[in-house]
Amino acid sequence: PRSDRESSDDERPTEYRVHIADLPSGTQDQEVRKVFQRFGTIIDIWIANASCFAFVVYKYKDDAQKAIDQMDGRYERETETETQNETRSVTNCIQI
């Protein structure tokens, strides 16, 4: 069987979207990229700050699944203040 990383010339490129919910207001593209790029090749990130969700688009299905498996309920956003470091765990990840 062929892996999804292999393709033939007649196949259309495929994207695998991971929906990330419950992001803190004001989350930036670079914050999401920093956390989710370790799972594989990211094609795009789209953030709807007003609604506190994002889509991370991976090139490969297995990368999207790794992100879901490892990050569902675990997105960490670190905020530094003069007196403390705060880490939130707030995100739900599903593949769309």
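Cut-offs applied
Residues numbered from 1 in each chain as written. Predicted model: local features only at pLDDT ≥ 70, side-chain atom pairs only at ≥ 80, totals over all residues. Heavy atoms only, no water. Buried < 20%, exposed > 50% of the residue type's maximum accessible area, 1.4 Å probe, protein only. Helix = DSSP H or I, 4+ residues; strand = E, 2+ residues; numbered from the N terminus. Arc of directions from axis to C-beta. Salt bridge = Lys/Arg side-chain N within 4 Å of Asp/Glu carboxyl O. Phe/Tyr/Trp six-rings, centres within 6.5 Å; stacked < 30°, edge-to-face > 60°. Core = buried A, V, L, I, M, F, W, Y, C linked by side-chain atoms within 4.5 Å. Pairing = 2+ DSSP bridges.

(A) Structural context of helix α1 (residues 29–36). Inspection of α1 places Val32, Val35 and Phe36 among the buried residues, and these make up the whole buried set. Down the axis of α1, the buried set is contained in an arc of 85°. They therefore lie on one face. Away from its buried face, by an angle of more than 90 degrees, α1 presents the exposed residues Gln30 and Lys34.

(B) Broad picture of the pattern of salt bridges. One pass over the structure, following the stated rule, counts three salt bridges. The salt bridge partner of Arg17 is Glu15, with a shortest N-O separation of 3.4 Å.

(C) Spotlight on the packing of aromatic side chains. A complete count under the given rule lists four aromatic pairs for this structure. Between Trp46 and Phe53 the ring centres are 5.7 Å apart and the planes differ by 55°, which places this aromatic pair in the tilted class. Residue classification places Trp46 among the partly exposed residues on the basis of a relative accessible area of 45%. Take Phe53: its relative accessible area is 21%, and that puts it in the partly exposed class. Taken together, the ring pairs connect Trp46, Phe53 and Phe55 into an aromatic cluster.

(D) Region of interest: the nonpolar core. Counting residues in hydrophobic clusters, the biggest one holds 18 residues, and the most contacted among them are Ile20, Val32, Phe36, Val56 and Tyr58. At the level of secondary structure, the elements contributing two or more residues to this core comprise β1 (16–21), α1, β2 (42–48), β3 (53–58) and α2 (61–71). Among the elements that take part in this core, α2 stands out by supplying four residues, more than any other.

(E) Fine view of the pairing of β3. By the criterion of burial, β3 is predominantly enclosed, with five of the six residues buried. Where β1 lies against β3, five bridges are found, and the strand directions are antiparallel. Across the sheet, residue Tyr16 finds its bridge partner in β3, namely Tyr58. Where β2 meets β3, six bridges bridge the pair, whose relative direction is antiparallel. Residue pairing in the sheet places Ile47 in a bridge with Ala54 of β3.

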